[in-house]
Amino acid sequence: MKMPDSLPADRKATLFAFGGERANSTLFTAAINTLFLREHNRLCGVIEAANPGWDDERVFQTARNVSVVQLIKVVVEEYINHISPYWFRLLSDPSPCYTAGWNRENWIPVEFNLLYRWHSLVPETAVWNGAPMPISGARFGNQPLLRDGLGIALDSASKSQVWRLGLFNTAEFLRPVELASLKQGRDNRLASYNDYRERMKYPRVTRFEQISGDPEVVAALKRLYANDVERVEFFVGLFAEDPPERSAVPPLIGRMVALDAFSHALTNPLLSPHVFKEETFSPAGWASIAKTSSLRDLADRNLPNGTAGLRIFRSLCQIIYFAPKLR
Ligand code: HEM
């Protein structure tokens, strides 16, 4: 995602020097990046103090590895648990992957790139510090974050209501992105929605009504695909399905996310048996990994006054169950 060339100089001056332009794409992505940047700097301080003989590069890379593992832990233990409909809680224990044949460097297939484009989830308007803020105006400009601070940003993100994932629910400013996604699926000549269902061990659908109970969705699919359910495309079919109760995502997305997330996140090389040990991360880094399961853990360590009185992430559970469908 590129920064617009026309960005005024005073707005450009509020952007942060992140590793990529995408991190500045909204105030909220900038906030999450800032949180991890602060945690990395904090870890550098702790690791350097405990190892006075280490050069800067070694301190930097060790803190970086600790940050990566902490991110994986937050993803599995907080985020995946949050979006999944299951009642049991997952732990980021990598040991079941040690003997699995698919333990390897992680990579992202095109299907994952498309199925994770949850653009209809993004609302037109978020809440910033108690007041409505259009998201289209919150892009590539970090002035409110500079003014109000990271705590307000994380609290605002946690209190902002997302929209329900699905067809006919994309904010106006993101419609071109949906079009680009459709085009990518066609350019890559992906197999049909039904073929992917079969591959994921779901039965093939034979009627449009098996995809969704929403008559408007069914009518549009029939019109678009000339009454032939075999023609439904992967990208469209994914988002046309109805999410099951307690789930943020429709069934085929849910199954493919689970498969990909676990064959990617937990097979990260840093979690392999000869690497995932105290001497890789230093005793201070290892202890920090053990103490990290949620964004709140990270925020507690990196906000000047901690997180008392702030909502950090978990409250989003409520939001997902009541997310509005606009039409
Ligand atoms: C204000 C919010 C957002 C904006 C402005 C935005 C914008 C974009 C744009 C412009 C692209 C490139 C499209 C293309 O040319 O193919 C993209 C790709 C993508 N988006 Fe978003 N997006 C937003 C939120 C989200 C959210 C909430 C998710 C998922 C939870 C998401 C997931 C993705 C993924 C997986 C890709 C493909 C990544 C890649 O190819 O590198 N986006 N987005």
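What counts and how
Residues numbered from 1 in each chain as written. Predicted model: local features only at pLDDT ≥ 70, side-chain atom pairs only at ≥ 80, totals over all residues. Heavy atoms only, no water. pLDDT = per-residue confidence, 0-100. Contact = heavy atoms within 4.5 Å. Buried < 20%, exposed > 50% of the residue type's maximum accessible area, 1.4 Å probe, protein only. Helix = DSSP H or I, 4+ residues; strand = E, 2+ residues; numbered from the N terminus. Pairing = 2+ DSSP bridges. Donors = N, O, S within 2.8 Å, 3.2 Å for Na, K, Ca; no water. Expected span 1.5 Å × (residues − 1). Bend = angle between axes of the 7 residues up to and from the residue.

### Describing the confidence of the model for the protein
When pLDDT is low, close inspection of the predicted coordinates is not appropriate. Residues at a pLDDT of 70 or more form 87% of the protein, whose mean pLDDT is 88. In this model residues 315–323 is a low-confidence stretch, pLDDT under 50, and it forms 20 contacts with partners more than four residues away in sequence or in other chains.

### Topic: the pairing of strand β1 (residues 125–128)
Burial of β1 is one-sided: the residues Ala 126 and Trp 128 facing one way are buried, the residues Thr 125 and Val 127 facing the other way are not. Here β1 folds back onto strand β2 (residues 131–134), and the loop between the two strands holds two residues, one of which, Asn 129, carries a positive phi near 50°.

### A few points about the coordination of the iron atom of the ligand
Of all protein atoms, His 119 (NE2) alone acts as a donor to the iron atom of the ligand, lying 2.1 Å away. Among the secondary structure elements, His 119 is positioned in the loop between α4 (110–115) and β1.

### Some remarks on unusual backbone geometry
Phi is positive for Asn 129, close to 50°, though the residue is something other than glycine. Residue position: Asn 129 is located in the loop between β1 and β2. The phi dihedral of Phe 168 falls on the positive side, at around 60°, and the residue is not glycine. As for its placement among the helices and strands, Phe 168 is situated in the loop between α6 (150–159) and α7 (175–187).

### Remarks on helix α12 (residues 278–290)
Relative to the 18 Å expected for 13 residues at 1.5 Å per residue, α12 spans just 11 Å between its end C-alpha atoms, considerably shorter than the ideal helical length. Of all the bends found along α12, the most pronounced is centred on Ala 284 and spans about 80°. For α12, the complete set of buried residues consists of Phe 281, Ser 282, Gly 285, Ser 288 and Ile 289. Structurally, α12 contributes buried residues whose contacts are with α2 (27–50), α3 (56–83) and α13 (295–302).

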